[in-house]
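Survey of secondary and tertiary structure
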Amino acid sequence: MRPLKAILLLVGIVSLAGCSIPERGPAVPQADTTRALPLGIPNARFFANDTRGLTEEGLASVQREVAALQAAGKPTTRLPPVYYLAVSGGGDNGAFGAGLINGWTETGARPEFKMVTGVSTGALIAPFAFLGPDYDPALREVYTTMTPDKIYRARGLTAALYNDAMADTTPLSEVIARNADQKMFDAIAREYRRGRLLLIGTTDLDAQRPVIWNIGALAASGKPGSLELFHKILRASAAIPGAFQPVLIDVEIDGRKYQELHVDGGAIAQLFLYPPAVDISKSGVRRARHAYIIRNARLDPDYAQSERRTISLAGRAISTMLAASGHNDVLRTYFVTQRDGVDYNLAYIGSDFSSAPKTGEFDQAFMRALYEYGYRQIKDGHAWHKVPPALATTAPPTR
């Protein structure tokens, strides 16, 4: 009878947990996922396979750029080179990207980016990088003073059954609101009108689809609630499933209200430049293009002896899958740029990085050391690589 009692007890716990989980509004019906428009803004976001919408937004950005150049009395017969920046996820490893960007400013060679994309911690970095050197001090402060209590509040073990994550990320919401304020939002809108793009990736977990948020269009819309939605997008992009709370985003279709559930964009892709289905070489716009990819992680194997315990093995397997996914993102981006004639430049944490032993997530000493490493890498001229390390011995020289 004891096994039966144990099973009944387990069923009772699971049933109770099912009754106690946080409530949410109805999900968007499967057939209507592409019709859902947050705040009614048609170009506020795109699914990654929406090549038509993304291409139209790209061409519209060129039109706005030309208009801005003409207003400034600059020639438009031959468009100037453009620079793209993609910043990956990586949690507290984002200190590397922050240090690199600030060091880049001090070299005097940092360009103004036509487009900046970000996922997870890269999404938090992206608005600072997009708006330029004036935001370097704030970026440095965020990534050199960050501590766990500024990111989350740990919940008890029962959160695995009764809640939506193991941690409450209200502290992160406060950090986002303090830094991504109305002044930043207005500046993003001004740059959008000049033809520049800021794109943030999340994952629509209901639809199992990557979403690319067009932050400039959101900022320029002037819609009530747009700044709050911007905060939600940043929080969602960094919402590691199971660890950090997912984010509910309200949408409306034909007068009916629904809620989408969004999590970390890294659940599908840890970085993106633009979807492979979009071939910018066929856009009809002739200009030199340069892409800079910041991978906030190492790209060599992270050796560790695995214990024969269920939790240890599962954790090691998940970290291995995430590492493989990050490698594939880097390779995909490389091959897309080569197809489209875009100059490729990759920065990542090298095997030469060393610091004091890391005591936990968002360890301040570790993050400061990593920030300094990224800063020194670019100041010393060692940051950029023309091919991913996996192809370094086989890829032909780039043009």
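Before any of the text, the structure's been laid out above.
Across all of its chains, the model carries one cavity of 30 Å³ or more by this definition. Approximately 50 Å³ is the volume attributed to the largest cavity. Lining the largest cavity are F272, L273, Y274, P276, R332, T333 and V336. Residues of the lining of the largest cavity, tallied by class, amount to five nonpolar, one polar and one charged.

Within the largest apolar cluster, 66 residues are counted, with the highest numbers of intra-cluster contacts made by L85, Y143, I188, I215 and F230. In terms of residues, this core owes the most to one element, helix α4 (residues 121–131), which gives eight residues. Other than its neighbours up to four places away in sequence, Y143 contacts G94, A95, A98, T121, L124, I125 and M367. Counting residues in each nonpolar core, the second largest holds 30 residues, with M115, L199, I212 and Y348 among its members.

By the criterion of burial, strand β10 (residues 289–298) is predominantly enclosed, with nine of the 10 residues buried. In this sheet, β10 lies alongside strand β2 (residues 82–87) in parallel orientation, the contact comprising six bridges. Directly across from Y84, in β10, lies its bridge partner A291. Of the pairings in the sheet, the one linking β10 to strand β11 (residues 343–349) comprises seven bridges and is parallel in character. Directly across from H290, in β11, lies its bridge partner D343.

Right, let's talk about the side chain of E65 for a bit. Tracing the chain through its elements places E65 in helix α2 (residues 51–71). Contact partners of E65, with chain neighbours within four places excluded, come to P80, K114, R194, G195 and R287.

Okay, unusual backbone geometry next. For L39, which is not glycine, the phi torsion reads 60° and is therefore positive. Among the structural elements, L39 can be located in the loop between α1 (2–20) and β1 (45–47). For L39, a relative accessible area of 33% corresponds to the partly exposed category. Unlike most non-glycine residues, F362 shows phi in positive territory, near 60°. The residue F362 is located in the loop between β11 and α12 (364–379) in this model. Taking relative accessible area as the criterion, F362 reaches 12% and is therefore assigned buried.

Conventions we followed
- Per chain, residues are indexed from 1 in the order of the written sequence.
- In keeping with the model being predicted, local features are shown solely for residues with a pLDDT of at least 70 and side-chain atom pairs are shown and tallied solely at 80 or more, while totals for entire chains, interfaces and linings include all residues.
- The side-chain quantities take in all heavy atoms of the structure and omit both hydrogens and water.
- Think of a 1 Å grid over the protein atoms and nothing else: a 1.4 Å probe that fits but is trapped marks a cavity, an open set flanked by protein within 12 Å on at least five of seven lines marks a pocket, and residues with an atom within 4 Å of a point count as lining.
- Grid points are joined across faces, edges and corners, and a volume is the space filled by probe spheres set on the points.
- Gly is put with the polar residues, along with every residue not named as nonpolar or charged; the nonpolar set is Ala, Val, Leu, Ile, Met, Phe, Trp, Tyr, Cys and Pro, and the charged set is Asp, Glu, Lys and Arg.
- Joining through side-chain atoms within 4.5 Å is the link that ties buried Ala, Val, Leu, Ile, Met, Phe, Trp, Tyr and Cys residues into a set, and such a set is a nonpolar core.
- Classification of residues uses two cut-offs on accessible area relative to the type maximum, computed with a 1.4 Å probe and protein chains only: under 20% is buried, over 50% is exposed, and between them is partly exposed.
- The helix count covers DSSP runs of H or I at least four residues long, the strand count covers runs of E at least two residues long, and both are numbered beginning at the N terminus.
- A contact between two residues is defined here by any heavy atoms of the two lying within 4.5 Å.
- In this scheme, strands are said to pair when DSSP sees at least two bridges between them.

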